[in-house]
Amino acid sequence: MARDILLAGVILAGFLGLEFTGLGSSGLLDFAIRFAIFGLLAMSLNLLIGTTGLVSFGHAAYFGMGAYSFGLLMQSGGWSIPAAIAVAILATALLALVVGALCVRLSEIYFAFLTLAFQMLLHSLILSWIGLTGGDQGLMGGIPKPAFWGIELAKPAHLAGFGMFCLLLSVVLLRQIIRSPFGAALRMLRDNPDRAGFLGLSVYRYRLAAFVIAGAFAGLSGVLMSLYVSGAFPTFAFWTTSGEAIFMIMLGGIQVFLGPLVGTAIFLLLNDWITALTEHHGLFMGTILLIITLGLRKGLLDFVMEWRAARRRAAP
Amino acid sequence: MSFTLPRRAALAGAAAITGFPRLGFTQPRQPIKVGVPTILSGRVAQLGISSRNAMQIEVDRFNAEGGLDGRPIELVVRDSRGTPAEAARLAREMISSEGCEFLLDAEASSGGFAVHEVVRETGTLTLHVNSETSSLTADPRQRFWNAFRVARQGIHDSIAGGDYASKVARARNLRRWMTVAPDYAYGRDTTAEFVEYLKHFHSEVQVVGDTWPRLFQPDYTENITRLSQGRPQAIYSCLWAGDLVTFVEQASLFGLFANSAFFAVNMADYTTLQQIRNLPRGVHSGNRYLKNFPNVPGNLDFATEYNRRFNTFPTNWSWQSATAVRLLGKAMRDAGGTTPRAVAAKLAGMRIASPFGADGHVTMRAEDQTLVGYAIGWGVTIPADPFVENMQPSNWADIFRLEAEWKRNKGWN
Amino acid sequence: MELTELAECVTSLSCLVTQSAAGLTIGMLLFLVASGLTLIFGVLGLVNFAHGSFYMMGAYFALAAYGVTESFAVAVLAGIVGAALLGLVFERFLLSRIYGQDVLMQLLVCYGIILILDDAVKIIWGADFRSMGVPDSLRHPPFIIAGGVVPYFYAILFAITAVIAAVLAFGMGRTRFGRIVRAAAINPGMVGALGINTTLVYASVFAIGAGLAGAAGALSAPIRSVVAGAGVSILIESFIVTVIGGMGSIGGALAASLILGFTRSFGSIGFPLFVEGAMFIIMALVLILRPSGLGGRRGS
């Protein structure tokens, strides 16, 4: 467990170190920012999928909500970035609470359906409510990034550092949540909901809490996204974003805590590589996805961990 | 392992920069790289494909003429799949890792705004070739020295459309109007502006109802029955491409066009015209791209060459992309190099001969860095090639006057 | 809200006829897609997130066949058979490997299929949208009934979809195959023990489901543009139908499809800006009041 934290620390230090070694080209900084954004999104989704056993296909709704509420607050003027982030996360948690209250009591399949449906509802709301959201053109005119605490997010290096800090902080928080009695209860709900019910745990409340927490972290990753592209766009809340997040989790592995981060890194590299090589992006990504799901039947890190465990057992 | 790739890419980028410094001794054949973020997949793939095709024609011509002192242009085209965040990433990567000196942004409007924000930061000279959203250049807050628009603009279309429609409405006494438009920013804005100018030119027109299908809605039956209940004398629509085709096919079945005149600003584009199996006679349409409007040899040559190479006809996006390459090429030659500030200074206010111009020329207006003077007009559809007849060219003097008034009302002067 | 217009409409016979005919046709096309989805779920326990792609492929197959033969009947047949065969291939080689696995695996495999098919269509038929157009032989003036307009082609669509629905109901209810399928949905182990090849049953059910989606795609190809990525918007509505109708219930799917069809056609008169929202509200109401859906047997 502590080793994972260490690993996360090393990754962060690695990125920060790049600045000093002179390799901090903007391409690499961009990668760091995107890694922080999508890594956080994937980690938050895995709290639902891996820990709680709730397969949400509508996680992008909270990503989009975070991005839009943050962007709108900043454009309205007078808000400092930390305050706007806090409010954006709160707003996202509130949305997750409403949707979650309707969805978490449903069975697995209905849950996947309904989260998807609510996400599409939010997406068409963003498209139609042009007065507020700018519709398909997104929030136009850029998002102001006033300096705070000596941090100037308008500079890519600062934004990358800030993103990595948010990611690290969230990873530590998520780890604490999963290790707490609350996290243990979530795992029990996943593995044996009936037993948890007999023990007097409210399945509904625990799942709802997990849903809201995951939504809040997705909101933070949406905030980072809106800082990165200096705007917010309807595609943030589109089903493809959810699909990509699930893809990342699957690439890395759902049973290992940091699996989603590994998956995010692989996904981003694959994506950039395929985009540069071919315009048949879907064909390649789809094939890779099928090979991994049908061939390995688990994420890469899951596979590695099980392979190591098997080897250890085989050794005398 | 996971970090080797970007580092290697970064090293390659760094090598490219240090290997060919900006100290003035450019190697004679060193290509000028121009990045083109666009959409090559999904529902609007035609946007990117027809833009890229047209750019390639013009780039080949520029290079054949000797390029810029022997330096050819090399296009770096990438697919963002319509995702603005991906468009922003691609733009950054083109600039920082791939050594692109200019961008021809061929994204649709949302991706265009994302690229706009990137180049606002990086100061890369950028020509937006596909974003028709007026505010991109009309709103002073969106404007900065290194971004230009080489595309038609929503407000120009609306003024021209309102003017034309009012004349038809007067001649045929069409007073009851309804509108059908996709429910997103372009659809809402364009419809509101059209109605405003229609009423401006003909005050007795009444809009008695409207209907707003969702963008990319697969079926328009309910919108069509609503229109037929309203019994309008005329219908306006800014639906486009596949959605417009679906609407026209379904509306024909309901006999909607037998009772109402139809004004579809986006009909006259070959991809749309050729896909409608039984193109109704007498639909009023603005010109998106037509090979015989303007009816000049250069325009027909362009369509013929495009058809010879790609076995299809150009789109509205094609003429815009071709014009962008011509403008950029001329600006670089005039500036005698690729220094962004110098090229931008030449671009602002530049007037070039163009087969797509209303009077044989198009102008990059200096005050808001957007293209004006391009051919704009309305005509009536016929079922077979050339598909549209009786094209009435719009009057740019009127457009300029009303556009200035519109900007004043918006507080954008 | 324009409720006075709605009131005017339901009291005027002509409006009532036009809107009802439109609602019926929209609803029946939706039913074809949704019944396939619900059938596959009921028997295989699989949520086919790639169902919309079979709708899209049906449209493309029909377009290709129509281009060669100029016959609408052949085109529709090609759409159905093509989508069914494609479904069979996917079921045998991909989906059969993940039966009994969690929703996550189903989701990922289907996501992969969607990505691949959307790109494959682009490579084969080009990136541009295509349109088949209503065949000249079926292009007649609309029927005018009590002042209401019913397009000729819509009447044909309605007739064909009604026949398919009747065949489906008969096949599931009255034939040996239908009894086996229903038994397999409840207790596949027992069906297998009786010496019936469940693999074959599963494969044919999936093929039928995909064929139904393909039928909807092929039938609507003349009036809707055929384009890559068209599957997704259809999928969402089919999900809503399945939730309202009850997972696995074909009768429920029919009722729910018609409800949505009428919501669309009359909603566009009475609450034009809230048609989508109304569909979600109906779904939420059903989930709260009757979570197993209108025709559902089991609790959710």
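Undergrad: An account of the overall build of chain A is needed here, citing residue identities and associated values.
TA: A count of helical and extended segments in chain A gives 14 helices and zero strands. Put simply, chain A runs from its N terminus to its C terminus through helices and strands in the order α-α-α-α-α-α-α-α-α-α-α-α-α-α. Projected onto the principal axes, the alpha-carbon positions of chain A cover approximately 60 × 50 × 40 Å. A total of 316 residues make up chain A; the buried ones form 58% of that total. When contacts within chain A are restricted to residue pairs at least 6 apart in sequence, those whose partners lie at least 24 apart make up 76%. With the model as given, the accessible surface of chain A reaches about 11,900 Å², and the carbon-plus-sulfur share is 69%.

Undergrad: How would you sum up the layout of surface pockets? Please name residues and give values.
TA: Residues and elements named next belong to chain A. Each pocket or cavity is described by its volume, and for the second largest pocket that value is around 890 Å³. In terms of lining residues, the second largest pocket is bounded by 44 residues, among which Leu 121, Leu 122, Ser 124, Leu 125 and Ile 126 are the most central. In terms of residue count, helix α5 (residues 108-128) provides more of the lining of the second largest pocket than any other element does, nine residues in total.

Undergrad: Give a description of helix α9 (residues 198-220) of chain C that names residues and reports values.
TA: With 23 residues, α9 of chain C should reach 33 Å at 1.5 Å per residue; the first-to-last C-alpha distance of 33 Å fits that figure. Put simply, Asn 197 of chain C is the residue that caps the front of α9 of chain C, since its side-chain oxygen is 3.1 Å from the backbone nitrogen of Thr 199 of chain C.

Undergrad: Hey, could you go over the confidence of the model for chain A for me, with residue numbers and the actual values?
TA: Do not read the fine detail of predicted coordinates wherever pLDDT is low. Per-residue pLDDT for chain A has a mean of 83; in total, 91% of the residues score no lower than 70. Across residues 18-24 of chain A, confidence stays below pLDDT 50; counting only partners more than four residues off in sequence or on other chains, it has nine contacts.

Undergrad: An account of the nonpolar core is requested, with residue identities and associated values reported.
TA: Counting 344 residues, the largest nonpolar core has Phe 70 of chain A, Leu 104, Trp 177, Phe 247 and Phe 263 of chain B together with Phe 49 of chain C as its most contacted members. Broken down by element, the residue count for this core peaks at 16 residues, all from helix α2 (residues 26-52) of chain A. Summarising the domain contributions, this core has at least three residues from each of domain 1 (21-153 + 297-372) and domain 2 (155-295 + 375-410) of chain B. Counting residues in hydrophobic clusters, the runner-up holds five residues, among them Cys 9, Cys 15, Phe 266 and Ile 269 of chain C.

Undergrad: Summarise the interface of chain B and chain C; cite the residues concerned and give the values.
TA: Facing 34 residues of chain B, the contacting portion of chain C comprises 44 residues. For the pairing of chain B and chain C, the buried interface totals around 3,300 Å² over both sides, and the portion due to carbon and sulfur atoms is 51%. At the boundary of chain B and chain C, one finds five salt bridges. In this structure, the salt-bridge partner of Arg 214 of chain B is Glu 237 of chain C, at a minimum N-O distance of 3.9 Å.

Undergrad: Break down the pattern of salt bridges for me, with residues and values.
TA: It is possible for side chains bearing opposite charge to pair when their charged atoms get close. Tallying each qualifying case throughout the model produces 37 salt bridges over all chains. Taking the shortest distance from any N to any O, the salt bridge between Arg 139 of chain C and Glu 249 of chain B comes out at 3.6 Å. Here Arg 139 of chain C is found in the loop between α5 (103-125) and β1 (143-145), whereas its partner Glu 249 of chain B is found in helix α9 (residues 241-253) on a different chain. Among the salt bridges present, the one from Asp 368 of chain B reaches Arg 365 of chain B, with a minimum N-O distance of 2.9 Å.

Undergrad: A description of the interface of chain A and chain B should follow, citing residues and the corresponding values.
TA: Listed by partner, the interface residues are 38 residues for chain A and 39 residues for chain B. Between chain A and chain B the total buried area reaches about 3,200 Å² when both faces are included, carbon and sulfur atoms providing 62% of it. It is Asp 136, Gln 137 and Glu 279 of chain A in chain A that bury the most area against chain B; as a group they hold 17% of the surface buried on that side. Here chain A is connected to chain B by two salt bridges.

Undergrad: Could you give me a rundown of the pairing of strand β6 (residues 176-180) of chain B, with the residues and numbers involved?
TA: Two faces, one strand: in a regular strand the side chains alternate between the faces of the sheet. Residues and elements named next belong to chain B. The buried fraction of β6 amounts to four of the five residues, a majority that puts the element mostly inside the structure. Sheet analysis places β6 next to strand β7 (residues 206-211), joined by five bridges and oriented parallel. When the bridges of β7 are listed, Val 180 appears paired with Thr 211. Following the backbone out of β6, through helix α7 (residues 185-201) and into the adjacent parallel β7, one traces a crossover that is right-handed. Note that β6 and strand β8 (residues 234-237) share four bridges and pair parallel. Note that in β8 the partner of Val 180 across the bridge is Ser 237.

Undergrad: Could you give an account of the sheet that holds β8 of chain B, with specific residues and numbers?
TA: Residue and element names in this part refer to chain B. Pairing is mixed in the open sheet, where seven strands are placed in the order β7-β6-β8-β9-β10-β14-β15. This sheet does not close on itself; its edge strands, each paired only once, are β7 and β15 (388-393). Direction aside, the axes of adjacent strands within the sheet are offset by 25° on average. Sheet topology places β8 next to strand β9 (residues 261-268); four bridges connect them, and they run parallel. By the bridge assignment, Ser 237 is partnered in β9 with Ala 264. Along the sheet, helix α8 (residues 221-230) makes contact with β6, β7 and β8, crossing β6 at roughly 170°.

Undergrad: Requested: an account of the packing of helix α11 (residues 239-252) of chain A against helix α14 (residues 300-314) of chain A, with residues and values cited.
TA: Residues and elements named next belong to chain A. Interhelical geometry of α11 versus α14 gives an angle of 15° and a closest axis separation of 3 Å. When the axis of α11 is compared with that of α14, the two are roughly parallel. Along its contact with α11, which presents Met 250, Leu 251 and Gly 252, the element α14 presents Leu 300, Leu 301 and Asp 302. For the contact of α11 with α14, the residue count by class is four nonpolar, one polar and one charged.

Undergrad: Before we move on, can you summarise the domain arrangement of chain B with the specific residues and values?
TA: Quoted interface sizes are often the accessible area lost when the parts come together. Residue and element names in this part refer to chain B. Split by domain assignment, chain B resolves into domain 1 (21-153 + 297-372) and domain 2 (155-295 + 375-410). One C-alpha centre belongs to domain 1, the other to domain 2, and the line joining them spans 28 Å. Both sides of the domain 1 and domain 2 interface together cover about 2,300 Å² of buried area, and 53% of this is carbon and sulfur. In this assembly, domain 1 and domain 2 are joined by five salt bridges.

Undergrad: Describe unusual backbone geometry, listing the residues and the values that go with them.
TA: Residues and elements named next belong to chain B. The linkage connecting Phe 293 with the following residue, Pro 294, adopts the cis geometry, with an omega of 0°. Here Pro 294 shows up in the loop between β10 (284-287) and α12 (297-310). With an omega dihedral of 10°, the bond running from Asp 385 to Pro 386 counts as a cis peptide bond. Secondary-structure assignment places Pro 386 in the loop between β14 (377-381) and β15. Positive phi, close to 50°, is recorded for Ala 241, a residue that is not glycine.

Undergrad: Provide a residue-level description of the side chain of Thr 272 of chain B, including the pertinent values.
TA: Take Thr 272 of chain B: it is sitting in helix α11 (residues 270-275). Those residues in contact with Thr 272 of chain B that sit more than four places away from it in its chain are Ala 241, Leu 244, Val 245, Asn 266 and Met 267 of chain B together with Phe 129 of chain C.

Undergrad: Give me the lowdown on helix α6 (residues 154-172) of chain B, citing residues and values where you can.
TA: All names here are of chain B. Here α6 spans 26 Å end to end across 19 residues, near enough to the 27 Å set by a 1.5 Å rise per residue. Counting buried positions along α6 yields 15 of 19 residues, so the element is predominantly enclosed. Following α6 by one or two positions, Asn 173 has its phi on the positive side, about 55°.

Undergrad: Please set out the state of the cysteines residue by residue, giving values where relevant.
TA: In total, this model carries one disulfide over all chains according to the counting rule given. With a sulfur-sulfur separation of 1.9 Å, Cys 9 of chain C is cross-linked through a disulfide to Cys 15 of chain C. Because the sign of the S-S torsion sets the handedness, a value of about -85° for the bond joining Cys 9 of chain C and Cys 15 of chain C places this disulfide among the left-handed ones. Judged on exposure class, the residue Cys 9 of chain C and its partner Cys 15 of chain C are both buried. Distance from the sulfur of Cys 103 of chain A, which forms no disulfide, to the nearest cysteine sulfur (Cys 110 of chain C) is 20 Å. A relative accessible area of 0% places Cys 103 of chain A in the buried class.

Analysis parameters
The residue numbers shown here count from 1 along each chain, following its written sequence. For this description, chains carry letters from A and ligands carry numbers from 1, given in the order in which they are written. The predicted nature of this model means local features are confined to residues of pLDDT at least 70 and side-chain atom pairs, given and counted, to a pLDDT of 80 or more, with totals for whole chains, interfaces and linings taken over all residues. Each side-chain value is worked out from all heavy atoms of the structure, with water and hydrogens disregarded. Secondary structure elements are defined from DSSP: runs of H or I of at least 4 residues count as helices, runs of E of at least 2 residues count as strands, and each element is numbered from the N terminus. Burial classes follow relative accessibility: with a 1.4 Å probe on protein chains only, a residue under 20% of its type's maximum area counts as buried, one over 50% as exposed, and anything between as partly exposed. We call two residues contacting when some pair of their heavy atoms lies within 4.5 Å. Every accessible area reported is derived by Shrake-Rupley at a probe size of 1.4 Å, with residue values counting cover from the shown protein chains alone. Definitions used for this entry: grid spacing 1 Å over protein atoms alone; cavity, a set of points where a 1.4 Å probe fits but cannot get out; pocket, an open set with protein on both sides within 12 Å along at least 5 of 7 lines; lining residue, one with an atom within 4 Å of a point. Grid points are joined across faces, edges and corners, and a volume is the space filled by probe spheres set on the points. A helix is expected to reach a length of 1.5 Å times the quantity of its residues less one. Polar contacts, as counted here, are pairs of nitrogen or oxygen atoms within 3.5 Å of one another; within protein the pair requires one atom able to donate a hydrogen and one able to accept it, and residues that are adjacent in sequence qualify only if both atoms are side-chain atoms. A residue's pLDDT is simply how confident the predictor is in it, with values from 0 to 100. Note on terminology: a nonpolar core comprises buried Ala, Val, Leu, Ile, Met, Phe, Trp, Tyr and Cys residues joined through side-chain atoms within 4.5 Å. All the domain ranges listed were derived from an automatic or database domain assignment. Take the accessible area each of two parts loses on contact, using a 1.4 Å probe, and add the two losses: that sum is the buried area. Take a side-chain nitrogen of Lys or Arg and a carboxyl oxygen of Asp or Glu: if they are within 4 Å of each other, that pair is a salt bridge. Strands were regarded as paired on the criterion that DSSP finds at least two bridges between them. Crossover handedness is defined here as right-handed if the route from the first strand over the helix to the second strand goes clockwise, with the strands pointing away from the viewer. Helix axes are fitted only over the stretch in contact, all axes being lines through C-alpha atoms; the angle between N-to-C directions runs from 0 to 180 degrees. For classification, angles of less than 35 degrees are called roughly parallel, those exceeding 145 degrees roughly antiparallel, those between 65 and 115 degrees roughly perpendicular, and all remaining angles oblique. Side-chain classes are defined by residue name, with Ala, Val, Leu, Ile, Met, Phe, Trp, Tyr, Cys and Pro counting as nonpolar, Asp, Glu, Lys and Arg as charged, and the others, Gly among them, as polar. Cysteine sulfur atoms that pair up within 2.5 Å are treated as a disulfide.

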